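Fold and geometry: a report
Here is how the chains run, residue by residue.
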There are 2 protein chains.
Amino acid sequence: MPSEIPAVVVDRLPHYLRALRILLDDGVEVISSRELGEALGATPAQIRKDLSYFGRFGKQGRGYDVAALLSDLTRILGLEYAWPVVLVGVGRLGRAIITYPGLTPEGFHVRAAFDANPRIVGSDVDSVHVRPTSEMESYIRSEGIDIAIIATPGDVAQDVVNRLVASGIRGILNYAPMTPHVPRGVTVRTIDPVQALQTMTFYLRDSTGQDDAATRRKRGRRSNSRR
Amino acid sequence: MPSEIPAVVVDRLPHYLRALRILLDDGVEVISSRELGEALGATPAQIRKDLSYFGRFGKQGRGYDVAALLSDLTRILGLEYAWPVVLVGVGRLGRAIITYPGLTPEGFHVRAAFDANPRIVGSDVDSVHVRPTSEMESYIRSEGIDIAIIATPGDVAQDVVNRLVASGIRGILNYAPMTPHVPRGVTVRTIDPVQALQTMTFYLRDSTGQDDAATRRKRGRRSNSRR
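These remarks concern the structure in this document. (Residues numbered from 1 in each chain as written. Chains lettered and ligands numbered in written order. Predicted model: local features only at pLDDT ≥ 70, side-chain atom pairs only at ≥ 80, totals over all residues. Heavy atoms only, no water.)

1. Considerations on the overall build of chain A
We count it as follows: The secondary structure listing takes helices from DSSP runs of H or I that are at least 4 residues long and strands from runs of E that are at least 2 residues long, numbered from the N terminus. The buried label goes to any residue with under 20% of its type's maximum accessible area, the exposed label to any with over 50%, and the partly exposed label to all in between, with areas taken from a 1.4 Å probe on protein chains only. Residue contacts are counted whenever heavy atoms from the two residues lie within 4.5 Å of one another. Here the accessible surface of atoms and residues is derived via Shrake-Rupley with a 1.4 Å probe, and residues count as covered only by protein chains that are part of the display.
Scanning chain A for helices and strands turns up 9 helices and 9 strands. Residues classed as buried in chain A amount to 50% of the 227 residues present. Counting only contacts in chain A whose residues sit at least 6 apart along the sequence, the fraction spanning at least 24 positions is 54%. As displayed, chain A offers around 10,500 Å² of accessible surface, 50% of which is attributable to carbon and sulfur atoms.

Put into structure tokens, the structure is as follows:
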């Protein structure tokens, strides 16, 4: 099934989940594609098309059963199971990820963490024990872990990616500022605030007219240009 | 120009920047679309097509001038200027964003932070002073800030978005677990690790065959299911 479903549709499904949970908490039992569209900022036609990929059709004049749709989408996304996750790189960012309270309730539990720095190895962050990266491969294989989070510096990240993939990791959430190269069959999502900001300024630049003098004064030329 | 350029092309430009900087640091002066494609994990045809949107054509048999292309893309993305940014929500995540060393070298400087909690207001995080959210609108207007980062809880984020937009903010980097509704002309990027993980498990679930007993045992049904 997945190969037939456009990635943009898959990317929207978590938003459906979130909206449907809120509706269910609010006691809403049935919702029309128009109402669901309003909650998601999409047109009713878009909603109907998205859900038709999964064989879900709202009854004409009645709408979608909120609980049933939520249950279906949860299963479709593979979220009725808890997914154990390993984290590689226990610096400031890695610690923030381990202590982030939003992952476990969503079914993602950081089971082990790995770092190359002997001063960090052996410590505990919350209840997660930090192991040496030399144990990474054997841990992943013996525990059958599918998902890894990378929070290392950019220059070592590709080497980490290669080792993770060779050990059986098939999903990588990458926080390192680089673009991982992976073989077919491995899914990568990169979390990159700088990239997000840089694609934003493309649109801001244009609508302000970057070359007028007032804008230049306001922002100032970059002294610390990476160029 | 921007309205004619597909968003997926804009999204790729930061990767070009990063690759070109590495090439320049390595002393590479000219690069072919094939070599650039290898660095970026794209086909030469893709590279040529992307860059043609910006009027950049590599000379046949010679390739692209690395420094000139880097300079052009920097200007196209509006990154020859430093962009002052405000942050709203100074909890654990907000502090991590302020102290993240990767933003300033890229031209994004957190100039002020705002929080609703009186116990946090008045404190300093690194060199950034935390102000009450009641001062948010006047600060943004008087300083002419274009970009805001939101790191508040999800349930207050839309209200913050509305106030930011009314004050003149046109670009929002959203870390709150919700989908902001904004008027046309405002650009939003949401950083959402849970969404990233949830779209990943869609692909993992399928290729393992989630329903076999071994997989179920390994992962365990979610006890803390949010449905």
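2. Structural notes on the sheet that holds strand S4 (residues 108–115) of chain A
Residues and elements named next belong to chain A. To keep it simple, the criterion reads: Pairing between strands is defined by DSSP: at least two bridges between the two strands are required. An axis is simply a line fitted to the C-alpha atoms; with a helix, the fit covers only the stretch in contact. Between two such axes, the angle follows the N-to-C directions and lies from 0 to 180 degrees.
With mixed pairing, the 7 strands of this open sheet are ordered in space as S5-S6-S4-S3-S7-S8-S9. Edge positions in the sheet fall to strand S5 (124–125) and strand S9 (187–190), since each of these pairs with one other strand and no more. The pairing of strand S8 (residues 171–174) with S9 spans 4 bridges and is classified as parallel. Residue pairing for S9: Leu173 is matched across the bridge by Arg189. Running at roughly 155 degrees to S4, helix H6 (residues 136–143) makes contact with strand S3 (83–88), S4 and strand S6 (128–132) of the sheet.

3. Describing the interface of chain B and chain A
Cut-off, in case you're wondering: Two parts lose some accessible area (1.4 Å probe) when they are put together, and adding that loss for both gives the buried area. Salt-bridge detection follows one rule: a side-chain nitrogen of Lys or Arg within 4 Å of a carboxyl oxygen of Asp or Glu. Two N or O atoms form a polar contact when they lie within 3.5 Å of each other; inside protein one atom must be a possible hydrogen donor and the other a possible acceptor, and for residues adjacent in sequence the pair counts only when both atoms belong to side chains. Charged residues are taken to be Asp, Glu, Lys and Arg, nonpolar residues to be Ala, Val, Leu, Ile, Met, Phe, Trp, Tyr, Cys and Pro, and polar residues to be all remaining types, Gly included.
Facing the 82 residues of chain B at the interface are 83 residues of chain A. Here chain B meets chain A over a buried area of about 8,300 Å², counting both sides, of which 60% is carbon and sulfur. Linking chain B with chain A are 2 salt bridges. Notably, a salt bridge pairs Arg18 of chain A with Asp192 of chain B, separated by 2.7 Å at the nearest N-O pair. Counting every contact that joins chain B to chain A gives 19 residue pairs in polar contact (both at pLDDT 80 or more). For the side of chain B that touches chain A, the leading source of residues is helix H8 (residues 193–208) of chain B, giving 16 residues. Here the residues of the side of chain B that touches chain A sort into 37 nonpolar, 22 polar and 23 charged.

4. Quick look at the packing of aromatic side chains
All names here are of chain A. Applicable threshold: Ring pairs are drawn from Phe, Tyr and Trp, using the six-membered ring of Trp, whenever the two centres fall within 6.5 Å, and their geometry is named by plane angle: stacked under 30 degrees, edge-to-face over 60, tilted for the rest.
The tally for this structure, following the rule as stated, stands at 4 aromatic pairs over all chains. With centroids separated by 5.7 Å and ring planes inclined at 70 degrees, the aromatic side chains of Phe114 and Tyr139 adopt a geometry described as edge-to-face. Placement of Phe114 in strand S4 and of Tyr139 in helix H6 is noted, with a sequence separation of 25 residues between them. Residues Phe114 and Tyr139 agree in their burial class; the two are buried.

5. A closer look at the packing of helix H6 (residues 136–143) of chain B against helix H7 (residues 154–166) of chain B
All names here are of chain B. Just so we agree on the cut-off: Here is the rule for handedness: rotate from the far helix to the near one, and if that takes an anticlockwise turn smaller than a right angle the crossing is left-handed, while a clockwise turn gives right-handed.
Close contact between H6 and H7 brings their axes to 9 Å; oriented N to C, the two are set at 35 degrees. In this structure, the crossing between H6 and H7 has a hand that is right-handed. Facing Met136, Glu137, Ile140 and Arg141 of H6, the residues of H7 in contact are Arg163, Leu164 and Ala166.

6. Description of the sheet that holds strand S7 (residues 147–150) of chain B
Strands pair in a sheet through their backbones, by hydrogen bonds, and they do so in one of two ways: parallel or antiparallel. Residue and element names in this part refer to chain B. Across the sheet, 7 strands lie side by side as S5-S6-S4-S3-S7-S8-S9; this open sheet has mixed pairing. Of all strands in the sheet, those bounded by a partner on one side alone are strand S5 (124–125) and strand S9 (187–190). Inspection of the sheet shows S7 paired to strand S8 (residues 171–174) by 4 bridges, in the parallel sense. The residue bridging Ile149 from the neighbouring strand is Leu173, located in S8. Against the sheet, H6 touches strand S3 (83–88), strand S4 (108–115) and strand S6 (128–132), its axis set at about 155 degrees to S4. Docked against the sheet, H7 engages S3, S7 and S8, running at close to 170 degrees with respect to S7.

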